Amino acid sequence: MCQPHDTMASDPRVSKPRLPKAYTDEQLIFLRSHISGFETRTRGHVRGDAKKFALDRANEFLVRFGMPEDLQGIDEAEPRFREQIYNWYKNTVGRARRKLEGRTRSKKVAEKVSGSPGQNSLTWSPNLETPTTVSYATQNDIAAQTASSSSQQQQQQPQQHVPPPQPAGHIQFSFQTNVSVPSAATLALNVNPTALRDAFLTRGIDATTLSSLIQSYVLSHPSPTALNPIIDSLFAAVTSSLNAPAASRTASNHDTIITILRRFTEACGYFPATIMHAGVSGPLAGPRALQMAIRKSSVWYPVIAPAGGTSMSDEMERIAADRQKRKDHIQWAQIHGAALELGLLSFRNDYAGTAESLSELMARDAVWEADEVEWVAGIFVLQSIIRTGLLARKHEYEQLLSTYEGRWKEIKDEARQALVTEVLLSAQQDLAHMDEGRVQ
C-alpha cells in the first residue's frame with residue numbers, strides 16, 4: 001500500500017507537496033460542531049442535501065478563517081478544499097456507522113480508496129480523535145462502550161504505529177485512510193463552555209446541532225442544575241456580540257439578544273426527557289434555567305471592600321471587579337427584558353402572573369434604589385413590560401416612566417446616561433404606539 005504523501009506527490013494535479021496543516025482549537029470546534037448536522041442530512045430524503053451542507057460549511061470556514069496555508073497558491077484551491085471537507089464529513093460518518101453496526105470496510109475497497117489519487121480522506125491526529133454523532137446513552141453505557149471500543153482497537157491493530165502527539169491546543173490535518181473513531185464520551189468531553197459560546201454565535205450551526213452540543217456537555221457534567229454552564233455560555237455570547245465593533249454590527253443590541261435567545265429556545269426544543277434542570281425536564285428545562293438565572297441577577301449588590309485596610313493593588317482589583325459587575329448587571333437586565341418579550345419567563349405550572357410579577361417588581365423597585373446602575377437595569381425591564389403590557393395600564397406605565405426620566409438627570413456616568421437616553425426615547429414611542437394597537 002502506498003503512503004498518503006507518496007500518493008499526493010504522484011498526482012499531476014498537485015503542483016507542490018502538501019504538508020500536514022495545524023488547525024487551531026477554534027477551527028476544530030467549528031468543523032466538529034457540524035458533524036451531527038451532516039449525519040442527519042445523510043438520512044434525509046433530499047438527494048445531495050448532505051453534500052450541500054458540507055460545502056456550505058467549507059465556504060463558511062473560508063469566510064471565517066481564510067484559506068489554509070498549505071493550499072494557498074495551488075490551482076483551484078477553493079474547490080479542492082471544499083471537496084476535502086465534504087469527503088472528511090462523509091468518511092467520518094461512514095466509519096462511525098460501520099463501527100456501530102459491527103461492520104468493517106473490505107480490504108479491496110480500502111486499498112482502492114487508498115490508491116486512488118485525490119481520494120485521501122481528511123483525518124485528525126491520534127491525540128484528538130475524530131468525533132461522531134452524539135449518542136444520548138446513560139453514563140454507564142457510554143463508559144462501557146468506550147472501554148469495549150478501546151479493547152477492540154487494540155486487538156485488531158496490534159502493530160499500528162502511533163505518531164508522537166502534537167502540541168496542546170492544535171489539531172493536525174493529514175491525508176490518510178486509517179482513522180480512529182472516538183466514542184460518544186470522547187466527543188462529549190471535548191465540548192466546553194467556550195465552544196458553546198461560539199456555537200451560539202455561529203449562524204451556520206442549526207438548532208439540532210446546537211442542541212446536540214448542549215446535550216453532550218450536560219450529559220458529561222451531571223448536576224441538579226446542569227444547564228447553569230449553558231446559561232453562562234449564552235451570557236458570554238451576548239457579551240461578545242455587544243462588545244463587537246459598531247462597524248461590524250448589523251442589528252441593534254436588543255435585536256442581537258433576541259436572536260441569541262431564540263437560538264437557545266429552538267435548541268431547547270430538541271431536549272429529551274433526560275435533560276433536567278431544577279426538577280424540570282425536556283424542552284422546558286432551558287427556559288427554567290434562564291428564569292432562575294434572571295431572578296438571581298435581578299438583585300444588585302456591590303463589591304464590598306474588606307474592613308481592615310487593603311493595598312493599592314487590592315483596591316484596583318476591587319474597583320475593576322465592581323465595574324465589571326455593574327456592566328454584567330445591566331446586561332442581565334437586557335436579557336431579562338428580551339426573555340420577557342419572547343415569553344420565556346412563563347410556564348404552564350406557574351401561578352398566574354408569576355413572570356410579570358418578577359419583572360414588574362424589579363422595574364418598580366429599582367428606580368427607588370440608591371445606586372444608578374439599578375436605575376439603568378430597571379428602565380430596560382420597564383421598556384419590555386410596556387411592549388408586552390395592556391393598553392388599560394398605559395397611564396400606570398407613563399407614571400413609572402416619568403419617575404425614571406427624573407432619575408436620568410441624576411446619572412453621573414456618561415455611558416450609562418447615554419444608554420438610558422436611548423431606552424427612554426424608545427419606551428416613549430412604544431407608549432405612543434399603544435393607542436395604535438402596535439404594542440399589546
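Scope of this entry: the structure provided in the associated data block.

Rules of the game
- Residues numbered from 1 in each chain as written.
- Predicted model: local features only at pLDDT ≥ 70, side-chain atom pairs only at ≥ 80, totals over all residues.
- Heavy atoms only, no water.
- Helix = DSSP H or I, 4+ residues; strand = E, 2+ residues; numbered from the N terminus.
- Buried < 20%, exposed > 50% of the residue type's maximum accessible area, 1.4 Å probe, protein only.
- Contact = heavy atoms within 4.5 Å.
- Areas by Shrake-Rupley, 256 points an atom, 1.4 Å probe, with all protein chains shown as cover.
- Axes fitted to C-alpha atoms, helices over the stretch in contact; angles between N-to-C directions.
- Parallel < 35°, antiparallel > 145°, perpendicular 65-115°, else oblique.
- Nonpolar A, V, L, I, M, F, W, Y, C, P; charged D, E, K, R; others polar.
- Core = buried A, V, L, I, M, F, W, Y, C linked by side-chain atoms within 4.5 Å.

1. Comments concerning the overall build of the chain
- The secondary structure content of the chain amounts to 18 helices and five strands.
- Buried residues in the chain amount to 43% of all 440 residues.
- Long-range contacts, defined here as pairs at least 24 residues apart, represent 75% of the contacts in the chain between residues at least 6 apart.
- Only carbon and sulfur atoms are counted for the fraction: they give 53% of the accessible area of the chain, which is about 23200 Å².

2. What about the packing of helix α12 (residues 253–268) against helix α13 (residues 285–297)?
- Closest axis-to-axis distance for the α12/α13 pair is 8 Å, and the angle between their directions is 140°. The angle between α12 and α13 places the two elements in the oblique class. Counting all contacts with α12, which are made through L261, F264 and C268, the residues of α13 involved are G286, P287 and L290.
- Broken down by class, the residue content of the contact of α12 with α13 amounts to five nonpolar, one polar and no charged.

3. Here's the deal with the nonpolar core
- Among the nonpolar cores identified, the biggest contains 69 residues, and F200, I214, L227, I230, L261, L290 and Y404 are the most heavily contacted of them.
- Among the elements that line this core, the one with the most residues is helix α16 (residues 372–388), at 10 residues.
- Those residues in contact with I214 that sit more than four places away from it in its chain are L196, F200, L227, I230, A267 and F271.
- Counting 20 residues, the second-largest nonpolar core is a separate cluster that includes A54, M67, I74 and V93.

4. With respect to unusual backbone geometry
- Although it is not a glycine, A278 adopts a positive phi angle of roughly 55°.
- With respect to the element layout, A278 can be found in the loop between β4 (276–277) and β5 (280–281).
- Judged by relative accessible area, A278 falls into the partly exposed class, the value being 32%.

5. A look at the environment of F30
- Mapped onto the elements, F30 comes out in helix α2 (residues 25–32).
- Residue classification places F30 among the buried positions, given a relative accessible area of 4%.
- Each C-alpha atom of the pair F30 and R57 lies 8.9 Å from the other, and the pair is 27 residues apart in sequence.
- Once you skip the residues sitting within four places of it in the chain, F30 turns out to touch R57, E60, F61, R64, F65 and T202.

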